[in-house]
Structures are given as C-alpha cells and as structure tokens.
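This is what each chain is made of:
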Amino acid sequence: MPSENPSLPSFMEWKEVDSLVGSIRTRSLVARPTNVDQCRETLVYCKQHGLKICPRGAGRSYGDEALLDSQVLLDISAMNQILDFDEEKAQITIEAGTRLLDIYQEVHYRLLTLPSSPTESHSTVSGAICANVNGKDAWKHGSFAHQVVRLSMLTADGETIEIDRSHELFNAVVGGIGLTGIILDATLQLKPIPSPYLEVHRYPAPDVDALLETMAKVEESYDLAVVWMDAYASGKKTGRSVIHAAKWTEHDATEAERKTYLDAGYERLDKHRRLGLGLHEAFGPLLNLMLYAQKPMLHVFNRLYYAMSQFASRTGRSTNTELFLRFSFEASFTVPPAHLVCGARGYTVQLTFPRSQAREAIIELMGICQSSPSPPVTTILRAHKSDDGLLSFSEDGYSLNFEFHPKKHNETGSRQAIDRIIDATAKRGGKIHLAKDQVMRPDQFSRIYPRHGELLKIKSRLDPEGLFTSDLARRVGLTPS
Ligand SMILES: Cc1cc2nc3c(=O)[nH]c(=O)nc-3n(C[C@H](O)[C@H](O)[C@H](O)COP(=O)(O)OP(=O)(O)OC[C@H]3O[C@@H](n4cnc5c(N)ncnc54)[C@H](O)[C@@H]3O)c2cc1C
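Predicted, not measured: the structure shown is a model, and the values here were computed from it.

### Structural notes on the domain arrangement of the chain
Then step 1. Domain annotation for the chain reports domain 1 (12–76 + 454–475), domain 2 (78–192) and domain 3 (197–440).
Then step 2. Carbon and sulfur atoms make up 59% of the area that domain 2 and domain 3 hide from each other, which totals about 3100 Å².
Then step 3. Three residues stand out in domain 2 for area buried against domain 3, namely Y109, K136 and W139, and they jointly supply 29% of the buried area on that side.
Then step 4. Where domain 2 touches domain 3, the interface holds 2 salt bridges.
Then step 5. Here K140 ties to D223 by a salt bridge, and the two come within 2.6 Å at their closest N and O atoms.
Then step 6. Counting across the interface, domain 2 meets domain 3 through 17 residue pairs in polar contact (both at pLDDT 80 or more).
Then step 7. Of all the elements in the fold, those that place two or more residues in the side of domain 2 that touches domain 3 are helix 2 (100–107), helix 4 (138–141) and helix 5 (170–173).
Then step 8. For the side of domain 2 that touches domain 3, the leading source of residues is helix 4, giving 4 residues.
Then step 9. Tallied by class, the residues present in the side of domain 2 that touches domain 3 amount to 13 nonpolar, 16 polar and 5 charged.

Structure follows, in structure tokens:
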C-alpha cells in the first residue's frame, strides 16, 4: 500500500470502504471532488504517485465494481447539481453525482418520469450509466443506456469529450463500468406520465407455463412488472410465482397538489429507508440464525406467500392504486436488504436468458438452485429488451435475481452450484449483471461477455497507461492486477 501522504489535496483522504454485500474489505484513498478542476487534480496526483483510479458514485453496486483496494476511489457524489431542465423536450441535464431520487423530486410532479430506474433510488446518474442499470420497466424502456441523450467525460489525459448517442464511444462508455474515464454530467430523456400513481395488480401463477403466459399479457398491457418466484417449488410446481404488474393511471390533482403529496411521499420514503434499514439491521443476527434452517423455513414462507396471493386474487383484493415512489422504491424496505439476506459469505447473482428459451432456462436454473446446499433466499424475475452496450447485461428475454446465503460448512457446494448457474447462463448466451457480481472468474467472464475485447481496444486508445480500473475489472481479468 502506498504511504499515507501528509500533503494530500484537501478533498482526498484514506478510508476503509467495504462491499455492500459480502465481506470485501478495502482501504482506499478517497477523492471527493466538488468540481472538474479537482477531478483533473486527482488525475495529476495519481499519475505523479503511480496510483490507479476507480470512479465511484454512491457505492450502491453490491460487490467490487466500485472498489479499488490500496488505490484511489474518485467519489463523484459531491458533484450533484441539476444543470438544466428542458420541459419542452422533457430532458434534464445533471452533474454525474446527482441521485436518481433528486431527479424524481425535480420532475415527477410535472408529470414526467425517469424510465429504467433501479430499486435503489440513491444510485447516482453516473453509477446508473456505467452499470447500465435496469428497472421494473426494462422490457418496455430498456436499460438506462436507452435514456442517455448525451454525456461528457474526462479522459485520462485530462481532456473533456462530448459523447452523444451517435458517437463511436457511446456503447463503450455507457455500461463500461467506469473503465474509460470519469463521467462529469449527462442529459437524460424523461417520459410523460398521466399522474405519479400506478394501478397495481398481483397475479399468482402456479407454474412456469402460467408464469410465461401471464408475463406475455403483462408485457403487452402494463408499464412495470416484477415477479417474486418460489425457487423451492419443484416438479409440476416449478416456476410458481406471483407477478406484480403496474400501469400508470390518471389521478386528478393540480401541479401544486401533486407537489404537496409527492413531497410528503419523499419524506415518508426517507423515513422508511432509515427505519426499515435500522430495524432490519437490529434483527440481522436473528435472520442469520434463522437462515441455518433455510430450506424448511423458506419452503413454508413461500407456500404461505403464494397461498395469500391466491386468496387475495380469488376475493378481488389483488388490485390497488399506489404512488410510483412506493411501488418502485419504498416497498423494498419491507424486506431485509441484500447484505443481511446474503450474510457474510453471501452474494447475489442476476442473470439473463433469451425469451425463446425461457421455459427450459427457468426449469434448468430452478433445478440447479434446488440441488444447491444453499438455494437462493430470494428469487426475482424481470423482463428485458436488448441494447448495444459492449458490456451490456440486457437482452431480449428475462432475468433472475438470486440472493444466496451460503453457510461455512457448505461454501464449496454452494460455489459449485453457482458455477453451474453461470455455465447454464453462458450456454444460452445470457449475461451476469456486473453491478451485482462478486463471483465470476476470468474464464467465465470472457464467455459471458465476448465483446469485452472491443471495450479493451477503445480503452487502450483513451487510457493507454491503464489509469482506470476496479477490483471487479482486475478480478475478471479485464485489466491487469
Ligand atoms: C437496494 C438496491 C437495489 C438495487 N436495485 C437494482 C435494480 O433494480 N436494477 C439494477 O440494475 N441495479 C440495482 N441495484 C444496483 C445499483 O443500482 C447499481 O449498482 C448502480 O450502479 C449503483 O449506483 P451508484 O451511484 O452507487 O454507482 P457505484 O456503485 O458507485 O458505481 C457503479 C459503476 O459505475 C462506475 N461509476 C460511477 N460513477 C462514475 C463516474 N462519474 N464516471 C465513471 N464511472 C463511474 C463505477 O466505477 C462502477 O463501475 C440495486 C442496489 C441496491 C443497493
């Protein structure tokens, strides 16, 4: 580790930085610039001291995508101003560190929304761009790449370049996990909505065929959807799930009234975030203990959850109207966060598979999960559409997001199951979401992301000394360790 330098710029300091999920512990020199000059000063400092840089947003990716042990993390979160809002074009220009939630506060009451928002509303714009995140509307609006009109990026040589959708670098930078330079600001395309409210429907599906049939209908007539799946249901019940589908709906109110109820909604969201996370944290050790009896416990829980959804559906109680804020962001605080669900040895895996192979893929993946000594604690399905990013996760198909909680005594067996899941994904040309990965090995990565060589060619042109990297890029062999 380089020695700690007393003549550091005032906006840089050494800090412990951990992964959000699992137990990756790092110590990095964290630069928190407030303007472009300080970003350039960081570049110069790093070159002078032989240090590498990993740009970082809010650090809400799960594993090591925004970590770089013993080197420099450039934390962009203090550059968070809204620079321009063009109501006519429905476009907003913001600094890279602006949180998605701050964009909602600016535009939602004006009947505009930001498609492709992940469940983590505190993600920054540059984090969302570089990880090319996806939302519950991914089959309709695609991943975050689809919303980017233009951006500016500081390259390793200190130059700022403008990149719009037609620029040759667009598909390398968007989704490029921060390896090409530091995103400084971006313009995003917003979409009109009839009101900030959604009509939400829950559809229980007894098996994989019912699930895919219902999803096909949902994808035609709804705007957002997320599916809870029972990874413990086997045989004829494989794929048993509950589909949560939502569509934007009318809700009479003046702009001032919308602002008032949305402001209350943001306050509630913030309160529930603190309360929910605090409460879950307090009960974390208990959850950890309970997960030693994971299989019987989740078997019962999942059956109960499904039975309750069936009952609600039969008695006409499976529909309600709620704010988008609640459906997309707030509802997630009712369940424990990923780091508690996964525990100290755990990890998440989000993988895609093509629509044309959905049935076989679900059956195969559920079979592998059930053969694991630690099947996933949670399993969530989403629909997607493809984009052209060189490291893009999205494709015309579905994704499954698993949260795994391996125990000390079955770590090896759990890891073997993960390898089979990754192999099954690679075989179908599917992808593993890098923002949630901490398990892929170099051989697996190069099979899953065959276009990574194109990204490296562009990187060697923009960053010949290899200034930008991350622990993830090193782990999967994208950049030298
Ligand atoms: C509760 C929760 C729910 C989530 N739900 C979803 C979901 O629904 N869908 C989904 O896709 N993801 C989801 N995620 C993952 C998260 O949204 C993404 O990892 C997102 O990228 C995090 O944004 P961030 O600002 O924290 O970025 P970071 O984690 O800090 O960084 C992400 C990547 O962007 C790069 N980067 C960041 N800023 C810059 C910059 N200025 N210049 C260059 N590179 C930069 C980093 O190097 C890194 O590669 C979730 C995470 C949590 C905690």
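### Description of the pairing of strand 5 (residues 82–86)
Then step 1. For strand 5 and strand 6 (residues 91–95), the ladder comprises 4 bridges, and the chain directions are antiparallel. Following the sheet pairing, I82 is matched in strand 6 by I94.
Then step 2. In textbook terms, the turn of a hairpin is the stretch between consecutive antiparallel strands, and for strand 5 and strand 6 this stretch comprises 4 residues, one of which, A90, has a positive phi near 55°.

### Observations concerning the site of the ligand
Then step 1. Taken together, 33 residues sit near the ligand, with P55, G57, R60, S61 and T124 positioned nearest.
Then step 2. Contacts to the ligand include R60, whose backbone N or O atom sits 2.6 Å from an oxygen atom.
Then step 3. Within the side chain of R382, one N or O atom sits 3.0 Å away from an oxygen atom of the ligand.
Then step 4. When the free accessible area of the ligand is taken as 970 Å², the share hidden by the protein chains comes to 95%.

### Thoughts on the side chain of Q147
Then step 1. With respect to the secondary-structure elements, Q147 resides in the loop between helix 4 and strand 8 (148–154).
Then step 2. For Q147, a relative accessible area of 1% gives the class buried.
Then step 3. At a separation of 3.0 Å, a polar atom in the side chain of Q147 contacts the main-chain carbonyl oxygen of H141.
Then step 4. Beyond its immediate sequence surroundings of up to four residues, Q147 is in contact with P115, S116, H141, G142, R165, T187, L188, Q189 and K191.

### Observations concerning the sheet that holds strand 9 (residues 160–164)
Then step 1. Spatially, 5 strands are ordered 5-6-10-8-9 in an open sheet, and the strand pairing comes out antiparallel. Pairing within the sheet leaves two strands with one partner each, and these edge strands are strand 5 and strand 9. Averaged over all pairs of adjacent strands, the angle between their axes in this sheet comes to 10°, without regard to strand direction.
Then step 2. As paired elements, strand 8 and strand 9 share 5 bridges and run antiparallel to each other. Along strand 9, the bridge assignment pairs L151 with I163.

### With respect to the state of the cysteines
Then step 1. Counted according to the given criterion, the structure contains 0 disulfides.
Then step 2. Free cysteine C39: the closest other cysteine sulfur is in C46, separated by 11 Å.
Then step 3. We classify C39 as buried; its relative accessible area is 0%.
Then step 4. C342 takes part in no disulfide bond, and the closest cysteine sulfur, belonging to C369, lies 13 Å away.
Then step 5. A residue is classified by how much of its surface remains accessible, and C342, at 0% relative accessible area, is buried.

### Quick word on the sheet that holds strand 12 (residues 197–205)
To summarise the sheet geometry, strands pair through backbone hydrogen bonds and adopt either a parallel or an antiparallel arrangement.
Then step 1. Spatial ordering of the open sheet is given by 15-12-14-13-17-18-16, a layout of 7 strands whose pairing is antiparallel. Looking at strand neighbours, the two that pair on one side only are strand 15 (319–323) and strand 16 (347–354), the edges of this open sheet. Between one strand and the next, the sheet's axes are offset by a mean angle of 25°, whatever the strand orientation.
Then step 2. Pairing geometry for strand 16 and strand 18 (residues 397–404), over 8 bridges, is antiparallel. Across the sheet, the residue bridging to T348 is E403, located in strand 18.
Then step 3. Sheet contacts for helix 12 (residues 411–427): strand 16 and strand 18; angle to strand 16, the most-contacted strand, approximately 25°.

### A look at a nonpolar patch on the surface
Then step 1. On the surface, L275, L279, F283, L286, L289, M290 and Y292 cluster together to form a nonpolar patch covering roughly 730 Å² of accessible area.
Then step 2. Along the polypeptide, L279 turns up in helix 7 (residues 255–290).
Then step 3. The exposure class assigned to L279 is partly exposed, which follows from its relative accessible area of 45%.

### A short note on unusual backbone geometry
Then step 1. Despite not being glycine, S70 shows a phi value in the positive range, around 70°.
Then step 2. A residue is classified by how much of its surface remains accessible, and S70, at 15% relative accessible area, is buried.
Then step 3. Unusually for a residue other than glycine, N132 sits at a positive phi of about 45°.
Then step 4. Here N132 lies in the loop between helix 3 (125–130) and helix 4.

### Focus: the environment of G22
Then step 1. One can find G22 in the loop between strand 1 (12–18) and strand 2 (25–31).
Then step 2. For G22, a relative accessible area of 14% translates into the label buried.
Then step 3. When near neighbours in sequence (up to four residues on either side) are disregarded, G22 contacts G343, A344, G346 and Q438.

### Remarks on the pairing of strand 12
Then step 1. Relative to strand 14 (residues 241–249), strand 12 is paired through 9 bridges, and the arrangement is antiparallel. Along strand 14, the bridge assignment pairs H201 with A245.
Then step 2. Pairing analysis gives 5 bridges linking strand 12 to strand 15, with the strands arranged antiparallel. Opposite H201, over in strand 15, you have T319 as the bridge partner.

The rules we used
- Residues numbered from 1 in each chain as written.
- Predicted model: local features only at pLDDT ≥ 70, side-chain atom pairs only at ≥ 80, totals over all residues.
- Heavy atoms only, no water.
- Domains from an automatic or database assignment.
- Buried area = accessible area lost by both parts, 1.4 Å probe.
- Salt bridge = Lys/Arg side-chain N within 4 Å of Asp/Glu carboxyl O.
- Polar contact = N/O pair within 3.5 Å; in protein donor to acceptor, adjacent residues only side chain to side chain.
- Helix = DSSP H or I, 4+ residues; strand = E, 2+ residues; numbered from the N terminus.
- Nonpolar A, V, L, I, M, F, W, Y, C, P; charged D, E, K, R; others polar.
- Pairing = 2+ DSSP bridges.
- Near = heavy atom within 4 Å.
- Areas by Shrake-Rupley, 256 points an atom, 1.4 Å probe, with all protein chains shown as cover.
- Buried < 20%, exposed > 50% of the residue type's maximum accessible area, 1.4 Å probe, protein only.
- Contact = heavy atoms within 4.5 Å.
- Axes fitted to C-alpha atoms, helices over the stretch in contact; angles between N-to-C directions.
- Disulfide = S-S within 2.5 Å.
- Patch = residues over 30% accessible without salt bridge, like charges linked within 9 Å, V, L, I, M, F, W, Y side chains within 5 Å.

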